[in-house]
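Examining the three-dimensional arrangement
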Amino acid sequence: MISRLIAFFVACLSLALAACSGGGDLPRATPIAASAPYTLGAGDKLRIIVFGEETLTGEYRVTGAGDVSFPLIGNIKVEGRTVEDLQTDLTTRLGAGYLADPRVSAEIIDYRPYYILGEVARPGQYDYSVGLTIEQAIAAAGGFTYRAKSDRVFLKRATQTRESLVDLDENPAFLVRPGDTIRIGERFF
């Protein structure tokens, strides 16, 4: 009877310690270099200028399917591509029978948002800005609650299906990308 009680106590203690470790089996998040090219995704809003062609110039939103619907050409797959790739593609397509010597410029005017949830004062959806770090994202959400585990956070990139761990003690300037979800865990003690 006593050995069963001891075994039960050891099992409970093991479970409690595993819960306190918070993310021990999760992979570490891979930082993205600040110089890494930005790739377009659903929800980005673009301004495309075709010089001398006011009817083609305008603002375009990337659809949920990752396309931009452009006059004369139709739908263009842009998800995962850079703005420079899009400019080159539009120039080539417009030059193939539509316009003589087209000159195209494109820029992002609204990035897709990032999300933060868990132990922050104001969880929710926030506007992305270039160079945004996890610490800045937490500050935008009103900072940690008193229950927050503030030395590590969980990050799910828009392109991933699983969270990964970010140790803020090791990398406080970890960059956020549009579409990312940041989760702040709760400390137990």
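Conventions used here
Residues numbered from 1 in each chain as written. Predicted model: local features only at pLDDT ≥ 70, side-chain atom pairs only at ≥ 80, totals over all residues. Heavy atoms only, no water. Pairing = 2+ DSSP bridges. Helix = DSSP H or I, 4+ residues; strand = E, 2+ residues; numbered from the N terminus. Axes fitted to C-alpha atoms, helices over the stretch in contact; angles between N-to-C directions. Contact = heavy atoms within 4.5 Å. Phe/Tyr/Trp six-rings, centres within 6.5 Å; stacked < 30°, edge-to-face > 60°. pLDDT = per-residue confidence, 0-100.

Observations regarding the sheet that holds strand 5 (residues 104-110)
What the three strands build is an open sheet, ordered 2-1-5; its pairing is antiparallel. A strand with exactly one partner marks an edge of an open sheet, and here the two such strands are strand 2 (58-61) and strand 5. The average undirected angle you get between the axes of adjacent strands in this sheet is 30°. In the sheet, strand 1 (residues 45-50) pairs with strand 5 via six bridges, with the strands oriented antiparallel. Bridged to Leu46 within strand 5 is Ile108. Sitting on the sheet, helix 2 (residues 83-95) is in contact with strand 1 and strand 5, with an inclination near 140° to strand 5.

Brief notes about the packing of aromatic side chains
One pair of aromatic rings is described through two measures. These are the centre distance and the angle between the planes. Taken as a whole and assessed by the stated rule, the structure comprises four aromatic pairs. Centroid distance Tyr38 to Tyr111: 5.0 Å. Interplanar angle 85°. Geometry classified as edge-to-face. Here Tyr38 is found in the loop between helix 1 (2-21) and strand 1, whereas its partner Tyr111 is found in the loop between strand 5 and strand 6 (114-118), with 73 residues between them in sequence. Put simply, the rings of Tyr38, Tyr111 and Tyr128 pair up and form one aromatic cluster.

Focus on the confidence of the model for the protein
Summary statistics for the protein give a mean pLDDT of 86 and a share of 86% for residues scoring 70 or more. Here helix 1 stands out as the least confident element of the protein, with mean pLDDT 48; strand 1 is the most confident, with 97. Overall, residues 10-23 carries pLDDT values under 50, and its contacts beyond four positions in sequence, including any with other chains, amount to ten contacts.

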